[in-house]
Amino acid sequence: MAVADRMLLQRIVKDACMKHIGYTGSTYYLALEFAEYASEALKKGDTGWLDDIINTYVSMGLPLDLLQSIVNRLKKKYTSEGEE
């Protein structure tokens, strides 16, 4: 993963954590790991894999609304890149 992509993922995850749970803490690192997998699934267009990833991280204790927020932000990122 390119450094710029990694930095963008970090910003997306930090903003989502602050909005949905009010802090980053250890949740941030788990959410960042989720974002990396979700990003790969979105790049490949594999929605089945994305659903599996979401279910896995929900079972690990991450809030569903946080994960959906990250996915929505990633979708916007890839949609805007595709238009350029």
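Residues numbered from 1 in each chain as written. Predicted model: local features only at pLDDT ≥ 70, side-chain atom pairs only at ≥ 80, totals over all residues. Heavy atoms only, no water.

**Some words on the confidence of the model for the chain**
Close inspection of predicted coordinates is inappropriate in any region flagged by low pLDDT. For clarity, the cut-off: For every residue, the pLDDT score states the predictor's confidence, bounded by 0 at the bottom and 100 at the top. Only DSSP runs of H or I covering at least 4 residues are called helices, and only runs of E covering at least 2 are called strands; the numbering of each starts at the N terminus.
The predicted model of the chain has a mean per-residue pLDDT of 88, with 93% of residues at 70 or higher. The spread of mean pLDDT over the elements of the chain runs between helix α4 (residues 64-83), the lowest at 84, and helix α3 (residues 47-59), the highest at 95.

**Examining the nonpolar core**
To keep it simple, the criterion reads: Buried Ala, Val, Leu, Ile, Met, Phe, Trp, Tyr and Cys residues that are joined via side-chain atoms within 4.5 Å together make up what is termed a nonpolar core. Note on classification: 1.4 Å probe, protein chains only; a residue is buried when its accessible area is under 20% of the maximum for its type, exposed when over 50%, partly exposed between these limits. Only heavy atoms enter the contact rule, under which two residues are in contact if any of them lie within 4.5 Å.
Core analysis: the largest hydrophobic core is formed by 24 residues, its most contacted members being Val-13, Ala-31, Phe-34, Leu-66, Ile-70 and Leu-74. In contact with Ile-70, not counting residues within four places along its chain, are Ile-12, Val-13, Ala-16, Ala-31, Phe-34 and Ala-35.

**A look at the packing of aromatic side chains**
We apply this condition: Pairing of aromatic rings covers Phe, Tyr and the six-membered ring of Trp, with a centre-to-centre limit of 6.5 Å; geometry is then stacked below 30 degrees between planes, edge-to-face above 60, and tilted otherwise.
Tallied over the entire structure, the rule returns two aromatic pairs. Considering the side-chain rings of Tyr-28 and Tyr-29, the 5.1 Å spacing of their centres and the 80 degrees angle between planes classify their relative orientation as edge-to-face. The interplanar angle of 65 degrees and the centroid separation of 5.5 Å between the aromatic rings of Phe-34 and Tyr-57 together place this pair among those described as edge-to-face. With Phe-34 in helix α2 (residues 25-44) and Tyr-57 in helix α3, the pair connects residues that are 23 residues apart, well separated along the chain. Accessibility assignment for this pair places Phe-34 and Tyr-57 in one class, buried.

**Some remarks on α3**
Each α-helix winds once per 3.6 residues, and so residues spaced three or four apart point in a common direction. For the record, the criterion: Expected span of a helix: the number of residues minus one, times 1.5 Å. As used here, the arc belongs to the directions running from the helix axis to the C-beta atoms.
Taking 1.5 Å of rise per residue, 13 residues should cover 18 Å, and α3 covers 18 Å from first to last C-alpha, within 8% of that figure. For α3, every residue scored as buried is listed here: Leu-50, Ile-53, Ile-54 and Tyr-57. Buried residues along α3 cover an arc of 100 degrees about the axis, so they all sit on one side. For α3, the exposed residues set more than 90 degrees away from the buried face come down to Asn-55 and Ser-59.

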